[in-house]
Amino acid sequence: VLEAWGRNFRVTALNTRGRILLRAVADALRADDAVESVAEEGEEVLAGKVRVSDRWFPEEERSKQPSIFSVVRCVVHLFKSESEPQLGLYGSFGYDLTLQFE
C-alpha cells in the first residue's frame, strides 16, 4: 500500500511476499533523485519524503518536478516487465494528489 500526504509517503507490505518486495522498493526509492529520504519502520513499512526542487520548472515541464508522482513512477518502473504487459500499479488516487498539479 502506498500512502502519501504532502511530500511524505509510506509504503506498507501486507504479507510475507510484500515484505520481500519492500527491500527492492526501498533500494529503488533510495536511488531516485526525487526522493530525499527513505527509512525502514520495522519489517513492514518504509517511510520517506520527496525532496523540494531547487530548480525552477516552466509550466510545460511542471509534472517533471519532484512530487509524490515521482514515487509512483519509480515503483511502476521497478515492476515494469515486457514479458508481463498486464503487470501494473492499480488502485485509486485521492483528490489531494491531483492538487499537486494545481
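Owing to the predicted nature of the structure, the values given are computational and were not obtained by experimental measurement. Sequence order sets the numbering: in each chain, residues are counted from 1 along the sequence as written. Where totals are concerned, whole chains, interfaces and linings use all residues; where local detail is concerned, this predicted model gives features only for residues with pLDDT of at least 70, and gives and counts side-chain atom pairs only at 80 or more. Excluded from the side-chain calculations are hydrogens and water; all other atoms, namely the structure's heavy atoms, are used.

What about the overall build of the protein chain?
Part 1 of the argument: Helix numbers and strand numbers start at the N terminus; a helix is a DSSP run of H or I with at least 4 residues, a strand a run of E with at least 2. In terms of regular secondary structure, the protein chain is built from 3 helices and 4 strands.
Part 2 of the argument: Helices (α) and strands (β) of the protein chain occur, in sequence order from the N terminus, as β-β-α-β-β-α-α.
Part 3 of the argument: Taking all 102 residues of the protein chain together, the buried fraction comes to 29%.
Part 4 of the argument: Considering only residue pairs separated by 6 or more positions, the protein chain has 49% of its internal contacts joining residues 24 or more positions apart.
Part 5 of the argument: The accessible surface values rely on the Shrake-Rupley method and a 1.4 Å probe; as for residues, cover is taken only from the protein chains in view. Surface summary for the protein chain: the accessible area is close to 7,400 Å², and the carbon and sulfur share equals 52%. Per-residue accessibility, obtained with a 1.4 Å probe over protein chains only, is compared with the maximum for each type, and a residue is labelled buried under 20%, exposed over 50%, and partly exposed between these values. Only heavy atoms matter for contacts: two residues are in contact if any of them lie within 4.5 Å across the pair.

Some details on the pattern of salt bridges
Part 1 of the argument: For this document, the term salt bridge refers to a Lys or Arg side-chain nitrogen within 4 Å of an Asp or Glu carboxyl oxygen. The tally for this structure, following the rule as stated, stands at 3 salt bridges.
Part 2 of the argument: Measuring nitrogen to oxygen at the nearest pair gives 3.6 Å for the salt bridge that ties Glu 3 to Arg 10.
Part 3 of the argument: Exposure remark for Arg 10: the relative accessible area of 29% places this residue in the partly exposed category.
Part 4 of the argument: The partner of Glu 40 in a salt bridge is Arg 30, with the nearest N and O atoms 2.8 Å apart. One end of the pair, Glu 40, is in strand 3 (residues 35-40); the other, Arg 30, is in helix 1 (residues 16-31), with 10 residues separating them in the sequence.
Part 5 of the argument: The class of Arg 30 is partly exposed, set by a relative accessible area of 41%.

Things to note about helix 2 (residues 68-79)
Since the α-helix packs 3.6 residues into each turn, any two residues three or four apart lie on the same face.
Part 1 of the argument: Expected helix span is computed as 1.5 Å times (number of residues minus one). Over its 12 residues, helix 2 runs 17 Å from end to end, which matches the ideal 16 Å to within 8%, given 1.5 Å per residue.
Part 2 of the argument: By the burial criterion, the buried members of helix 2 are Ile 68, Phe 69, Ser 70, Val 71, Val 72, Cys 74 and Val 75.
Part 3 of the argument: In protein, a polar contact means a hydrogen-donor-capable atom and an acceptor-capable atom, both N or O and within 3.5 Å, with residues adjacent in sequence counting only if both atoms are side-chain atoms; elsewhere, any N or O pair within 3.5 Å suffices. The distance from a side-chain oxygen at the start of helix 2 to the backbone nitrogen of Phe 69 is 3.1 Å, and the residue carrying that oxygen is Ser 67.

Notes on the nonpolar core
Part 1 of the argument: Remark: nonpolar core denotes a set of buried residues (Ala, Val, Leu, Ile, Met, Phe, Trp, Tyr, Cys) joined through side-chain atoms within 4.5 Å. By size, the foremost hydrophobic cluster in this structure holds 16 residues, and its most contacted members are Phe 9, Leu 29 and Leu 46.
Part 2 of the argument: At the level of elements, strand 2 (8-12), helix 1, strand 3, strand 4 (45-50) and helix 2 are the ones that each hand at least two residues to this core.
Part 3 of the argument: Counting residues per element, this core draws most heavily on helix 1, at 5 residues.

Thoughts on the pairing of strand 3
Part 1 of the argument: Sheet topology note: the strand 3/strand 4 ladder contains 5 bridges and is antiparallel. Among the inter-strand pairings, Ser 37 is bridged to a residue of strand 4, identified as Lys 49.
Part 2 of the argument: In this description, strands pair whenever DSSP reports at least two bridges between them. In sequence, strand 3 turns back onto strand 4 through a hairpin of 4 residues, with Gly 42 there showing a positive phi of about 85°.

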